[in-house]
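Understanding the architecture of this molecule
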Amino acid sequence: VETRWMRDPLLSAPSSSSSSDIGCGRSRMALWCLNLRNRIDLRTIKWIAVTACVLFLLVQWRKQAALTQGLANDVRILSERANAHPVLNAHRFKLEKDFIPIVVYVHSRQEYYRQVLEGLRKIAGIEKTMLIVSHDAVDPGMYRISESIDFMQVRILTHTLPRTEPASHFRLKKHWLWFVGQVFDNFFPDYQGDVAFFEEDHLISQDAYQVIKVTSAIKAAGIVPASVTTLGSPNLDWNTSDAEFIAHRVNKDKLVLNAGYAFNRSVWTMVKAHMFEFMHEFNKNWDCALADMMKKYPAMGDLQITALLGRLQNIGIDGIHDDQEWANLARDGLMPYSKLSSLAPSWYPRITLFDLTASPRRLVCTGPDCYRDSPLAASYCLPDAEGNRPCQ
């Protein structure tokens, strides 16, 4: 059947059967291409371009989907393996009665994490409690550090957010909600006491655990209706009494200090009851969001007990929050780490608690009277009025 390609000499493919026709063939080819370009309209060109783009994007999407699925599987497998990890060192150390669990949430800053663990190692009695490490990334180096802890019981967790999600306040808040829920709802469902929380760059004093015990005992005794206890903000004025504690109200200036803090199940119950507000309506930072909640809901209470002399230094100089001032001090060797290590629990008999909600501030209690009525006092082996510890 004769086709249009055969009839139209301009559309016919050029013949190059003989060397004498090469020049003529090239002329025909140029005319053929020019005629073909004129016959294809703009709509067809657009359709071809759009089709090519769609196919390209589809191929790229399938490649990314396969990569993401593979990464998600890796994260899931590693997370399940870590979350199913048995408690390390359980055969070596026995938990004391009414111990306060310590949670350290970490990401990828290995050097800071090592320093924090070395600080924990030096705390007297640390082997009588449990350390829960919550990883916010699948980082083999960080896992190896956690698995090398040999001075107390350790439980390792991994938050299962995809690693592709960038570090942000929102990601940190989701991690925070997750590991707090793991501790109170899964690990210790019947536990009613406080849980202490630190970050991977929080270097604490040698008496920090005892500070948490005492402030928790004060709270449990009902001396002041506080919801949260904290180790206090970094304080370079070392003339401040190491035995002085304050009860103050959460407001725009005094938020929940992310400098070593502890709270019990009642705080977590309130957070769960108002989860949407906490996640989406309050401040993007978990600590500010918690303060917002404490101010909005009176039943939760808006008081916190704080050590006037800070027992913690934030040694981090990178991450979501940068602290260049502390970075400069660390670089110049001026950080008062040695003074942190010099603090010892000899201040027990001298403790004083002031209520800053009154003007002027009101002395609430002194010495063992601050925690004597606490049901936790005996198990903590706190001193009596004469400074003796009958349980020793």
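This report concerns the structure included in the present document. Small disclaimer: the values here were computed from a predicted structure and weren't measured. (Residues numbered from 1 in each chain as written. Predicted model: local features only at pLDDT ≥ 70, side-chain atom pairs only at ≥ 80, totals over all residues. Heavy atoms only, no water.)

1. Some remarks on the overall build of the protein chain
Along the protein chain, the regular secondary structure elements total 13 helices and twelve strands. A buried classification covers 46% of the 392 residues belonging to the protein chain. Contacts spanning at least 24 positions in sequence make up 76% of the contacts within the protein chain whose residues lie at least 6 apart. A total accessible area of about 20,200 Å² is found for the protein chain, and carbon and sulfur atoms account for 56% of it. (Helix = DSSP H or I, 4+ residues; strand = E, 2+ residues; numbered from the N terminus. Buried < 20%, exposed > 50% of the residue type's maximum accessible area, 1.4 Å probe, protein only. Contact = heavy atoms within 4.5 Å. Areas by Shrake-Rupley, 256 points an atom, 1.4 Å probe, with all protein chains shown as cover.)

2. Regarding the nonpolar core
Counting residues in each nonpolar core, the largest one holds 81 residues, and the members touching the most others are Trp-176 and Phe-197. Broken down by element, the residue count for this core peaks at eight residues, all from helix α6 (residues 169-187). Setting aside chain neighbours within four positions, we find Phe-197 in contact with Val-103, Tyr-105, Phe-179, Val-180, Phe-184, Gly-260, Tyr-261 and Phe-263. (Core = buried A, V, L, I, M, F, W, Y, C linked by side-chain atoms within 4.5 Å.)

3. Topic: the sheet that holds strand β3 (residues 153-158)
Across the sheet, ten strands lie side by side as β3-β2-β1-β4-β8-β6-β9-β7-β11-β12; this open sheet has mixed pairing. This sheet does not close on itself; its edge strands, each paired only once, are β3 and β12 (362-366). When the angles between neighbouring strand axes are averaged without regard to direction, this sheet yields 25°. Direction of pairing for strand β11 (residues 352-355) relative to β12: antiparallel, over a ladder of four bridges. Looking at the pairing, Phe-354 lines up with Leu-363 of β12. (Pairing = 2+ DSSP bridges. Axes fitted to C-alpha atoms, helices over the stretch in contact; angles between N-to-C directions.)

4. Structural notes on the pattern of salt bridges
Per the stated rule, a full pass over the model turns up 13 salt bridges. Between Asp-185 and Lys-272 there is a salt bridge, with the nearest N and O atoms lying 3.3 Å from each other. With Asp-185 in helix α6 and Lys-272 in helix α8 (residues 265-273), the pair connects residues that are 87 residues apart, well separated along the chain. In this structure Asp-185 comes out as partly exposed when scored by relative accessible area, which is 31%. The partner of Lys-295 in a salt bridge is Asp-292, with the nearest N and O atoms 3.8 Å apart. You can see Lys-295 and its partner Asp-292 sitting in helix α10 (residues 286-296), three residues apart, about one turn around the helix. (Salt bridge = Lys/Arg side-chain N within 4 Å of Asp/Glu carboxyl O.)

These values are about where atoms sit, not about what they do.
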